[in-house]
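# Reading the structure
Residues per chain are reported as follows:
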Amino acid sequence: METRTTIEFDQGWELIENEITKLKRILEWSPELDGSPKPEFTSEDYMTMHTTVFTMCTQKPPHDYSQQLYDKYREVFEEYISSTVLPSITEKHDEFMLRELVRRWLNHKFMVRWLLRFFHYLDRDFIPRRSLPSLNEVGLTCFRDLVYQEVKANARDAVINLIDKEREGEQIDRALLKNVIDIFVKIGTEQMELYKQDFEAQMLQDSSVYYSRKASNWILVDSCPDYMLKAEECLKRERERVSHYLHISSEQKLVEKVQHELLVINATQLLENEHSGCRALLRDDKMEDLSRMYRLYRKIPKGLDPVSTIFEQHVTAEGTALVQQAKDAASSQAANGAGLQEQVLVRKIIELLDKYNFLSHSLFYNALKVALEKSCRTVTGRSSAELLITFCDNIFKKGGSEKLSVEAIEESLEKVVKLLTYIIDRDLFAEFYRKKLAYRLLFDLGANKDHEKRILTKLKQQFGAQFTSRMERMVTDLTSARENQTIFEEYLRNNTNVNTGIDLNVTVLTSGFWPSYKSFDLSLPLEMVRCVEVFKGFYETRTKHRKLRWIYSLGFCTINGKFESKHIELIVSTSQAAALLLFNNADRLSYSEIMTQLNLNHDDVVRLLHSLSCAKYKILTKEPNTRTVSATDNFEFNYKFTDRMKRIKIPPPTVDERRRVIEEVNNDRRYTIDAAIVRIMKSHKVLGHQQLVMECVEQLGRMFKPDIKTIKKRIEDLITRDYLERDKENPNIFRYLA
């Protein structure tokens, strides 16, 4: 067998120490100081070192020198650092000290890398068996304990001093700072405790002091826009600093410090500045400066709260002024002018919203909603939903005050949908819109059916299918009704024995899709009764499962008025026609006789007779000749009536549709709130009062803003109807009853 020569420790270490000395010379070599060539390791040197260490670690005891070599490995670093590295750093100052620190850190990593190769066998076998720190850890620990701990304060102060110089506009060596900060990052653990406690904390504190000093000077001499320009530039440069040499984990902390000193502390003084603050910028339409203010404060928690408060006050005032202008202009013009002013008003409001379109935060969205509603209600007493409805109706109906091109109408539709997102009572808009749409469809008042369909599509995309489902069914239902009328006309042609006596057009609608209308049991003249019976007979041949309910308030007739001067065709409502036809058989009728023969209640008769005797076209005369109708009045046909037109339309009896729509919406809201409460409780089973109310408000907010008192009342009502119950121990907790 081959015998291996035993290497004694002193013999082996002498060989190793020679190579380590050579490594030190390589590290210390400088072309400026050394005239000789730079020493280098050969492959033979490396193999000799590796073989020596391997042999000394694999010899049998007592010649296994693994522990001694491990200890010597540490001593090599400690001796070299103490004698050479540390003195070379501490004898220098400021930027020169930083450069030396970086050079020594790079040299140290180079030395660790080479010694790891020489002592590789220790890392592979001895260290894992003894659970000792790895060779790399030992090298890092030596530098941390002997160099870093000694110079960290001076290094930190030097780095911060250079950062402050750069803030003042001086050029600095950013690469140097990055290398120094890398030492702070890598000298500790993965959590970077040393970077945070030895560098970052002091750097952040210094930044606060620096920007506090700057803010104190700027706030005294600069206007709000100039101050914000500087603040924005500072924040931009701090982020650049992080990207160039600070660690990325410091960015948010550093930015928050700068924001606090420049924007938060001086927020009140900055925003309330009489000559250049937020109000002044809004007043003077300084959009660029407002955008900058929005960008700066939106990144600060609750930073936009004071801005949005000022914004809401400004928009409320501006909106109120617009509405007041429209109201004043309308009061000085005719009715047609009033409608035109409302159109102008809505367009002005749309322009107002477009102006502040860049404020996309929910605070400003809500502020615009509240301001818009306050403006409209304060001056007109009408909601913004009603104003928008009037605007839409003028666009869509024939003869409206808006004469627009197709492109302009398309743009207006986009604006309407956008404006609707700022309206609180969307359910009120939907119901008013349904009423107006119904009139346009039933009386063929719409200028263009494609526009009607297009806005329904846009509303559906924005607010969901439920918002427009009944409106869309109205459009399709009317198409079916017209087909039904065509079939009825064919039925009359095919059945010559059936005769209506007068031309009849009946629109059969599905009641669930259309708005509700008042129905009354009007006693029709015989001519009309015959028409109704004929149509009933026809409809029964079509279906036996549907019941017809006649809405006379939507019907209209053309009757021939024989006046002394000439015959005039009168276009009147069904009830007006029934009232006028009574005078074919009597020259004079009392109020009570008319009410009895028409089978109407007092209020309906008053409105009906007022439209025929006290309005613009006085088809009837009454005694006494007053502007109001009473139960003691008598009426006669006005044979002396005349008009330059051969065909006139008599306005139908006025009905307060607005009040009725609002009542219907309020009733529907009760059911909607009930459904929301039950839905929430069914999901949670058990829920506190406050949370139930908050979730209910959140769910219903897409359509309307529910009143908290109403929600509480609906909760109590659901308890009495056994949908919910109060917890026996805590009355503020509700339980769902399945």
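All figures in this text were calculated on a predicted structure; none of them were measured in a lab. (Residues numbered from 1 in each chain as written. Predicted model: local features only at pLDDT ≥ 70, side-chain atom pairs only at ≥ 80, totals over all residues. Heavy atoms only, no water.)

### Section: a negative patch on the surface
The grouping of Glu8, Asp10, Glu14 and Glu17 at the surface amounts to a negative patch. On the secondary structure map, Glu17 appears in helix H1 (residues 9–28). (Patch = residues over 30% accessible without salt bridge, like charges linked within 9 Å, V, L, I, M, F, W, Y side chains within 5 Å. Areas by Shrake-Rupley, 256 points an atom, 1.4 Å probe, with all protein chains shown as cover. Salt bridge = Lys/Arg side-chain N within 4 Å of Asp/Glu carboxyl O. Lys, Arg positive; Asp, Glu negative; His and termini not counted. Charge placed at Lys NZ, Arg CZ, Asp CG, Glu CD. Helix = DSSP H or I, 4+ residues; strand = E, 2+ residues; numbered from the N terminus.)

### Considering the sheet that holds strand S7 (residues 686–688)
With respect to topology, three strands assemble into an open sheet ordered S7-S9-S8, the strand pairing being antiparallel. Each edge of the open sheet carries a strand with a single partner, namely S7 and strand S8 (724–726). When strand polarity is set aside, the average angle formed by the axes of neighbouring strands in this sheet is 30 degrees. With three bridges joining them, S7 and strand S9 (residues 733–736) adopt antiparallel strand pairing. Note that in S9 the partner of Leu687 across the bridge is Phe734. (Pairing = 2+ DSSP bridges. Axes fitted to C-alpha atoms, helices over the stretch in contact; angles between N-to-C directions.)

### Observations concerning the packing of aromatic side chains
Here the structure, examined in full by the defined rule, presents 28 aromatic pairs. Sitting over the face of the ring of Tyr517, Lys435 holds its NZ or CZ atom 4.6 Å from the ring centroid. (Phe/Tyr/Trp six-rings, centres within 6.5 Å; stacked < 30°, edge-to-face > 60°. Lys NZ or Arg CZ within 6 Å of the ring centre and 35° of its normal.)

### Overview of the confidence of the model for the protein chain
On average, the protein chain scores 85 in pLDDT, and the residues at 70 or more come to 92%. The least confident element of the protein chain, judged by mean pLDDT, is helix H16 (residues 362–380) at 65; the most confident is strand S5 (residues 634–637) at 93. (pLDDT = per-residue confidence, 0-100.)

### Comments concerning unusual backbone geometry
Leaving glycine aside, a negative phi is the common case for residues, and trans is the common case for peptide bonds. Going from Pro61 to Pro62, the amide bond is cis rather than trans, its omega being 5 degrees. Secondary-structure assignment places Pro62 in the loop between helix H2 (43–58) and helix H3 (66–90). Of the consecutive residues Glu623 and Pro624, the connecting peptide bond is found in the cis state with omega at -5 degrees. Within the fold, Pro624 resides in the loop between strand S4 (620–623) and S5. For Asp94, which is not glycine, the phi torsion reads 55 degrees and is therefore positive. Among the secondary structure elements, Asp94 is positioned in helix H4 (residues 94–118). For Asp94, a relative accessible area of 52% gives the class exposed. (Buried < 20%, exposed > 50% of the residue type's maximum accessible area, 1.4 Å probe, protein only.)

### A look at the pattern of salt bridges
Applying the stated criterion to the full structure yields 53 salt bridges. Between Arg99 and Glu95 there is a salt bridge, with the nearest N and O atoms lying 2.7 Å from each other. On the criterion of helical spacing, the pair formed by Arg99 and Glu95 is a turn pair, its members being four residues apart in helix H4. What makes Arg99 partly exposed here is its relative accessible area of 38%.

### Brief notes about the packing of helix H17 (residues 384–396) against helix H19 (residues 426–442)
Where H17 contacts H19, the two axes come as close as 9 Å, and the packing angle between them is 25 degrees. In this view, H17 runs roughly parallel relative to H19, as classed from their interaxial angle. Considering how the two elements wind past one another, H17 and H19 form a crossing that is right-handed. Judged by residue contacts, Ala385, Glu386, Leu388, Ile389, Cys392, Asp393 and Phe396 of H17 engage Phe429, Phe432, Tyr433, Lys436 and Arg440 from H19. A per-class count over the contact of H17 with H19 returns eight nonpolar, no polar and four charged. (Parallel < 35°, antiparallel > 145°, perpendicular 65-115°, else oblique. Left-handed = near helix turned anticlockwise from the far one by under 90°. Contact = heavy atoms within 4.5 Å. Nonpolar A, V, L, I, M, F, W, Y, C, P; charged D, E, K, R; others polar.)

### Quick look at the sheet that holds S5
Across the sheet, three strands lie side by side as S3-S5-S4; this open sheet has antiparallel pairing. Each having just a single partner strand, strand S3 (588–590) and S4 make up the two edges of the open sheet. In this sheet, adjacent strand axes meet at a mean angle of 30 degrees when their direction is disregarded. Pairing of S4 with S5, which is carried by four bridges, proceeds in the antiparallel orientation. Paired with Glu623 across the strands is Asn634, a residue of S5. Contacting S3 and S5, helix H24 (residues 591–598) crosses the sheet at an angle of about 85 degrees to S3.

### A short note on the environment of Lys72
For Lys72, the position within the fold is in helix H3. As for Lys72 and Glu657, which are separated by 585 residues in sequence, their C-alpha atoms are 100 Å apart.

### Section: a positive patch on the surface
Taken together, the side chains of Lys109, Arg113, Arg117, Lys178 and Lys186 present a region of like positive charge at the surface. Every element with two or more residues in the positive patch is listed here: H4 and helix H7 (174–186). Here the element with the most residues in the positive patch is H4; it accounts for three residues. By the secondary structure assignment, Lys178 is in helix H7. Take Lys178: its relative accessible area is 37%, and that puts it in the partly exposed class.

### Regarding the environment of Ser223
Position of Ser223 relative to the elements: it lies in the loop between helix H8 (193–221) and helix H9 (224–244). As a C-alpha pair, Ser223 and Leu270 span 47 residues in sequence and 8.4 Å in three-dimensional space. A distance of 3.2 Å separates the side chain of Ser223 from the side chain of Asp226, its partner in a polar contact. (Polar contact = N/O pair within 3.5 Å; in protein donor to acceptor, adjacent residues only side chain to side chain.)

### Re the packing of helix H27 (residues 689–700) against helix H28 (residues 708–720)
Contact geometry for H27 and H28: axes closest at 11 Å, N-to-C directions at 115 degrees. In the packing of H27 onto H28, the handedness of the crossing is right-handed. Here His689, Leu692, Val693, Cys696 and Val697 of H27 lie close against H28, whose contacting residues are Ile708, Ile711, Lys712 and Ile715. When the residues that make up the contact of H27 with H28 are grouped by side-chain class, the tally is seven nonpolar, one polar and one charged.

### Digging into helix H18 (residues 406–420)
Spanning 15 residues, H18 covers 21 Å between terminal C-alpha atoms, matching the ideal 21 Å at 1.5 Å per step. Along H18, the residues that are buried comprise Ile409, Ser412, Leu413, Val416, Val417, Leu419 and Leu420. For H18, the angular spread of buried residues about the axis comes to 160 degrees, placing them on one side. (Expected span 1.5 Å × (residues − 1). Arc of directions from axis to C-beta.)

### Topic: H19
Think of an α-helix as turning once every 3.6 residues; residues three or four places apart then point the same way. For H19, spanning 17 residues, the distance from its first C-alpha to its last is 24 Å, which sits close to the expected 24 Å at 1.5 Å a residue. Within H19, 14 of the 17 residues are buried, which leaves it mostly tucked inside the rest of the structure.

### Some details on the pairing of S9
Residues Phe734 and Tyr736 point to one face of S9 and are all buried, whereas Ile733 and Arg735, pointing to the other face, are not buried. Pairing of S8 with S9, which is carried by three bridges, proceeds in the antiparallel orientation. Counterpart to Glu725 in the pairing with S9 is Arg735.

### A word on the pairing of strand S1 (residues 556–562)
Here S1 shows one buried face, formed by Cys557, Ile559 and Gly561, and one open face, formed by Phe556, Thr558, Asn560 and Lys562. By the bridge criterion, seven bridges tie S1 to strand S2 (residues 567–573) in an arrangement that is antiparallel. If you follow Thr558 over to S2, its bridge partner there is Ile571. Following S1, the chain reverses through four residues before pairing antiparallel with S2.

### Focus: the side chain of Gln485
You can see Gln485 is positioned in helix H21 (residues 465–494). Its relative accessible area of 6% is what places Gln485 among the buried residues. Those residues in contact with Gln485, other than ones at most four positions away along the chain, are Leu504, Asn505 and Val506.

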